[in-house]
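Take a look at the letters that make up each chain.
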Amino acid sequence: MNKGSFKESMSDDSASAASSMEVTDRIASLEQRVQMQEDEIQLLKSALADVVRRLNHSEEQQAMGSRRGPTKARPMIATLPLRPTVNNGTVLPKKGSGTLPSPSGPGSRKDTSTPANKSLSSLSSLSGSTRILYLPLSTVRRANSNEHVGTLTRKDSGDSKGNRTRAGSTGSNSSGKKSDSKQRDPVFNAGMRRVTHCKEEGYVKMFLKGRPITMHMPKDQVDSYCLEARAELPSNKLKLDWVYGYRGRDCRSNLYLLPTGETVYFIASVVVLFNVDERLQRHYTGHTDDIKCLAVHPDKITIATGQVAGTSSDGKHLAPHVRVWDSVSLNTLHVLGAGFFDRALVCLSFSKSNGGNTLCVVDDSNDHVLSVWDWQREDRLAEVKCSNESVFAADFHPTDSNIVVTCGKSHLYFWNLEKGMLAKKQGLFEKQEKPKFVLCVTFAENGDAITGDSSGNILVWGKGTNRISHVIQGAHEGSIFALCMLRNGTLVSGGKDRRLVSWDSSYQQIQTVEVPELFGPIRTIAEGRGETVLIGTTKNFVLQGSLDGEFMPITQGHTDELWGLAVHPCKPQFLTCGYDRQVSLWDSSTHQLIWTKNMEDAAQSAGFHPTGAVVAVGTQTGRWLVLDTDSKDLVTMHTDGNEQLSVMRFGPDGNFLAIGSHDNYIYIYAVAENGRKYSRVGKCSGHSSFITHLDWSVDSQYLVSNSGDYEILYWIPSVCKQVVSVETTRDIEWATYTCTLAFQVFGLWPDGSDGTDINAVCRSSDKSLLVTGDDFGKVHLFSYPCSQFRAPSHAYGGHSSHVTNVTFLFDDSYLVSTGGKDMSVMQWRIV
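Calculation criteria
- Residues numbered from 1 in each chain as written.
- Predicted model: local features only at pLDDT ≥ 70, side-chain atom pairs only at ≥ 80, totals over all residues.
- Heavy atoms only, no water.
- Helix = DSSP H or I, 4+ residues; strand = E, 2+ residues; numbered from the N terminus.
- Buried < 20%, exposed > 50% of the residue type's maximum accessible area, 1.4 Å probe, protein only.
- Contact = heavy atoms within 4.5 Å.
- Areas by Shrake-Rupley, 256 points an atom, 1.4 Å probe, with all protein chains shown as cover.
- Polar contact = N/O pair within 3.5 Å; in protein donor to acceptor, adjacent residues only side chain to side chain.
- Phe/Tyr/Trp six-rings, centres within 6.5 Å; stacked < 30°, edge-to-face > 60°.
- Lys NZ or Arg CZ within 6 Å of the ring centre and 35° of its normal.
- Pairing = 2+ DSSP bridges.
- Axes fitted to C-alpha atoms, helices over the stretch in contact; angles between N-to-C directions.
- Disulfide = S-S within 2.5 Å.
- pLDDT = per-residue confidence, 0-100.
- Salt bridge = Lys/Arg side-chain N within 4 Å of Asp/Glu carboxyl O.
- Core = buried A, V, L, I, M, F, W, Y, C linked by side-chain atoms within 4.5 Å.

The secondary structure content of the chain amounts to four helices and 62 strands. Every one of the 831 residues in the chain was classed for burial, and the buried ones make up 58%. Taking the intrachain contacts of the chain between residues at least 6 apart in sequence as the baseline, contacts between residues at least 24 apart amount to 51%. Surface exposure of the chain reaches about 34,000 Å², of which carbon and sulfur atoms provide 49%.

Right, here's the structure in full:
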């Protein structure tokens with residue numbers, strides 16, 4: 001027996017109670033002092049992180065200005081992480097070796113960082129002594145020589161057959177097998193696709209799903225064309241410039257402010273770090289599919305994100321996993337649980353009191369398994385079946401890293417981690433009516449747990465107990481989706497009623513503010529700078545404001561599947577529309593919404609008049625509208641058929657509008673008065689399936705169309721007559737190239753394609769590049785013309801759903817892509 005316990009046994013009950021009170025007070029004051037010191041360290045770290053970020057940004061600007069400058073050594077701040085850092089997917093040695101490994105080295109993993117920040121070592125762990133490393137600039141640059149944003153699942157390289165893991169290009173350069181047929185008719189076998197070349201007639205024949213597609217080449221290429229020739233990779237690449245949108249509709253606790261002034265949130269498979277003041281975005285692109293949850297470490301630098309299971313383009317299963325990464329360098333530090341988690345990750349949280357060494361995660365399996373990890377060692381400490389019902393939140397107790405609280409459908413559990421086991425105590429509702437859903441949990445300064453539920457009540461649970469100590473009955477009308485404890489001890493709640501309510505430390509209401517209906521119910525709340533609060537809503541808005549003032553959107557996007565995309569013919573603007581019945585015009589240079597308009601029907605397609613004065617929008621019901629680009633006012637409205645209108649395309653001279661419908665017809669309208677007057681000319685009839693793509697000739701005299709059964713037909717739209725003469729059509733010069741089936745673009749089709757996995761194609765205005773959006777969430781960049789079989793491409797991830805549309809801006813400075821079900825719009829810089 002030690003001295004203390006011996007003395008205690010000698011004293012009476014009252015004295016022991018008094019001394020234990022004294023001890024509690026001393027512990028509390030010690031905890032406060034530790035917290036203050038941690039805050040000071042936090043400030044120092046965030047200031048350092050911000051300095052490094054700014055240095056890095058200015059360095060990138062300099063590098064872009066003088067790409068081929070002399071090699072200089074420069075100081076680089078680095079810290080010793082507890083574990084070697086995974087940099088670009090390659091583990092760095094613990095000692096500074098002076099050079100970074102090349103990303104294409106053996107055993108390299110997929111590229112997970114954006115190039116702007118590859119030169120920085122991790123700042124997430126300040127446990128080691130800070131050193132200055134002098135790295136030759138050329139070495140650092142080499143690490144991103146195959147610079148590309150996002151990750152690849154198709155690993156065919158455009159550089160060499162042997163180098164299969166290099167990110168940056170898909171499509172192999174091997175020419176395939178040569179058949180033993182006649183000299184004039186080489187045949188390429190490509191799984192489900194066979195390509196033959198007939199030199200005498202001057203055509204290439206390709207088979208999709210067993211259907212032959214004959215594509216005639218221009219006369220001047222008949223003699224020189226060779227099917228076996230190798231196509232070149234484009235010299236240009238893409239860099240993710242901006243991501244429009246936020247995922248608030250079905251995700252929680254996914255919005256935070258970092259000390260660097262960046263707001264962090266996610267959409268699709270990209271984590272966005274958005275500096276609102278400087279209008280700058282950075283992107284973490286290590287994930288391969290939908291991100292569903294996000295947690296920020298107490299150091300405010302390390303971030304964990306969890307993704308769903310996915311399927312790669314070659315049909316391989318991509319396991320759900322957690323990625324722990326550094327928000328300054330954007331380097332991946334650790335990957336956890338690939339092979340352990342099932343379906344998806346629903347929530348995760350870092351511990352608060354043990355230096356943030358542990359991470360708790362709940363997956364989306366039937367049993368919603370709760371696991372606790374030592375994330376630095378990538379070691380699973382414990383796991384337990386949490387609930388066979390939905391789980392909405394999991395969080396560590398702020399002062400006891402062995403206690404985890406989970407809540408969800410009809411449950412609130414207090415878990416205690418002891419000797420590798422998680423023991424459960426159920427929250428006892430006793431006299432309080434048990435809510436159907438416990439939706440969110442946070443903690444008071446004194447360690448009490450606070451929950452918000454579907455009955456609109458806030459319940460306080462005494463520290464260390466599973467019983468209710470205080471009730472705020474009817475705090476909200478309807479479900480409470482979010483609770484946030486501010487630094488000053490104020491509790492903020494928000495929910496379905498769109499009200500943001502603040503409460504003092506004794507749970508008395510301080511004030512309430514209502515968010516306008518336009519923005520939707522409050523999904524998540526985060527503390528901003530000073531007095532500001534950040535809100536994520538179920539209508540995918542991120543709002544910034546104060547508890548007594550109004551809220552302004554800093555990010556917004558679509559709320560349903562997205563298909564329509566059109567670029568302004570002479571301004572840096574583009575228009576998007578989708579199944580949420582919302583038409584939005586965006587400015588690509590300021591990255592801001594110019595206007596948005598709600599429609600009666602779900603929108604499918606759009607096209608600008610060549611003057612840019614009006615834009616035509618096609619819906620899913622056969623109705624189409626023309627809107628004034630400046631005022632968004634309705635100019636006219638017509639209906640053709642009762643099926644979706646897949647394409648709206650004005651002729652280059654602005655005198656005709658062609659509308660491709662799912663009823664197999666192309667409707668032609670004569671256009672007058674600068675796009676303000678429309679009269680129907682007729683309909684082009686001849687396709688045996690729905691229209692997918694349309695292009696006009698440069699002189700506006702001809703039209704080419706593709707359909708769902710892989711037909712290519714040519715038309716004289718002014719009289720709605722089909723043109724069957726090959727000699728007439730083969731040399732037509734097309735104003736745009738959006739058709740996926742044509743001699744100039746057939747090389748974009750991947751092996752084994754069923755003909756439906758390329759959704760959109762666009763040729764650049766300077767006719768040097770071709771971009772595609774596919775069913776595997778990838779944007780591919782090819783050289784144009786793309787008339788060699790199995791043409792190589794650079795491929796870019798970011799979308800987590802089928803890429804429904806892609807198009808270059810009018811001056812080829814940027815490219816815009818839309819993700820179908822991921823509802824995101826991504827803007828790529830062409831470099």
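Next up on the list: the environment of Arg282. With respect to the secondary-structure elements, Arg282 resides in strand S13 (residues 280-284). A relative accessible area of 12% places Arg282 in the buried class. Only 2.9 Å separates the side chain of Arg282 from the side chain of Glu262, close enough to count as a polar contact. At a separation of 2.5 Å, a polar atom in the side chain of Arg282 contacts the main-chain carbonyl oxygen of Ser327.

Considering all chains together, one arrives at 24 aromatic pairs under this definition. When the centroid spacing of 5.7 Å and the interplanar angle of 80° are considered together, the rings of Phe350 and Trp375 count as edge-to-face. Pair noted here: Phe350 is in strand S20 (residues 345-350) and Trp375 is in the loop between strand S22 (369-374) and strand S23 (379-385), with a separation of 25 residues, a long-range link. Among the residues examined, Phe350 registers a relative accessible area of 2% and is labelled buried. Ring centres 5.9 Å apart and planes at 55° place the aromatic pair Tyr796 and Trp828 in the tilted group. Of the two residues, Tyr796 sits in strand S59 (residues 794-796) while Trp828 sits in strand S62 (residues 825-830), which places them 32 residues apart along the sequence. Across the pair, exposure class does not vary: Tyr796 and Trp828 are buried alike. Among the aromatic residues, those joined into a ring-pair cluster are Trp624, Phe650, Tyr669 and Tyr678. Residue placement shows Arg380 over the ring face of Phe340; its charged tip is 3.8 Å from the ring centre.

Spatially, S36-S37-S38-S39 is the arrangement adopted by the four strands of the open sheet, whose pairing is antiparallel. This sheet does not close on itself; its edge strands, each paired only once, are strand S36 (522-527) and strand S39 (552-555). In this sheet, adjacent strand axes meet at a mean angle of 30° when their direction is disregarded. As judged from the five bridges shared by S36 and strand S37 (residues 532-537), these two strands associate in the antiparallel manner. Note that in S37 the partner of Ile522 across the bridge is Thr537.

As a further point, take the state of the cysteines. Inspection of the entire model under this criterion finds zero disulfides. Free of any disulfide, Cys251 has its nearest cysteine sulfur in Cys293, 7.9 Å distant.

Within the chain, residue pLDDT values average 85, and 82% of them lie at 70 or more. Across residues 2-17, where pLDDT falls below 50, the model places two contacts with residues more than four positions away in sequence or in other chains. Residue range residues 67-185 is modelled with pLDDT below 50. Its contacts to residues more than four positions away, or to other chains, number 285 contacts.

Here we come to the pattern of salt bridges. Note that side chains of opposite charge can pair when their charged atoms are close. Taken as a whole and assessed by the stated rule, the structure comprises 25 salt bridges. With a closest N to O distance of 2.6 Å, Asp395 and Lys352 form a salt bridge. Remark: Lys352 occurs in the loop between S20 and strand S21 (358-363) and Asp395 occurs in strand S24 (residues 391-396); sequence separation between them is 43 residues. By relative accessible area, which is 33% here, Lys352 ends up partly exposed. Among the salt bridges present, the one from Arg499 reaches Asp497, with a minimum N-O distance of 2.9 Å. Taken individually, Arg499 and Asp497 each receive the classification buried, so the pair is uniform in this respect. Each of Lys219, Glu727, Arg730 and Asp731 takes part in a single network of salt bridges with overlapping partners.

Within the largest apolar cluster, 40 residues are counted, with the highest numbers of intra-cluster contacts made by Leu238, Phe574, Val771, Val779, Phe808, Leu815 and Trp828. Tallying contributions element by element places strand S9 (residues 238-244) first for this core, with five residues. Of all hydrophobic cores here, the second largest spans 33 residues; its members include Met215, Val745, Phe782 and Phe789.

Here the bond from Tyr784 into Pro785 is cis, since omega is 0°, no more than 30 degrees from zero. For Pro785, the location among the structural elements is in the loop between strand S58 (779-783) and S59. Even without glycine at this site, Asn674 takes up a positive phi of about 60°. By the element assignment, Asn674 lies in the loop between strand S50 (666-672) and strand S51 (677-684). Not every positive phi belongs to a glycine, and Met823 is a case in point at roughly 65°. Its location among the elements puts Met823 in the loop between strand S61 (814-819) and S62. By relative accessible area, which is 7% here, Met823 ends up buried.

Our next topic: the environment of Ile758. Here Ile758 is to be found in strand S56 (residues 758-763). According to the relative accessible area criterion, Ile758 is buried, its value standing at 7%. A C-alpha to C-alpha distance of 8.6 Å links Ile758 and Val803, two positions 45 residues apart in sequence. When neighbours within four sequence positions are excluded, Ile758 is seen to be in contact with Thr740, Leu748, Trp749, Pro750, Thr772, Gly773 and Asp774.

The next point concerns the sheet that holds strand S54 (residues 712-716). Pairing within the open sheet is antiparallel, and its four strands lie in the order S52-S53-S54-S55. What marks the edges here is a single partner per strand, and that holds for strand S52 (691-696) and strand S55 (721-723). Averaged over neighbouring strand pairs, the angle between their axes works out to 35° when direction is ignored.

A word on the side chain of Thr772. By the secondary structure assignment, Thr772 is in strand S57 (residues 769-774). When sequence neighbours within four positions are dropped, the list of residues in contact with Thr772 reads Leu748, Ile758, Ala760, Val761, Lys778, Val779, His780, Phe782 and Val806.

Along strand S60 (residues 803-808), six of the six residues are buried, which leaves the element largely enclosed by surrounding structure. In terms of strand pairing, S60 meets S61 through five bridges, oriented antiparallel. Its bridge partner being in S61, Asn805 is matched across the sheet by Thr818. As consecutive antiparallel partners, S60 and S61 are separated by five residues, and within that stretch Asp812 has a phi angle of approximately 65°, a positive value.

A few words on the pairing of strand S27 (residues 421-426). By the bridge criterion, six bridges tie strand S26 (residues 411-418) to S27 in an arrangement that is antiparallel. In the sheet register, Asn416 faces S27, and the bridge partner there is Ala423. In textbook terms, the turn of a hairpin is the stretch between consecutive antiparallel strands, and for S26 and S27 this stretch comprises two residues, one of which, Lys419, has a positive phi near 50°.

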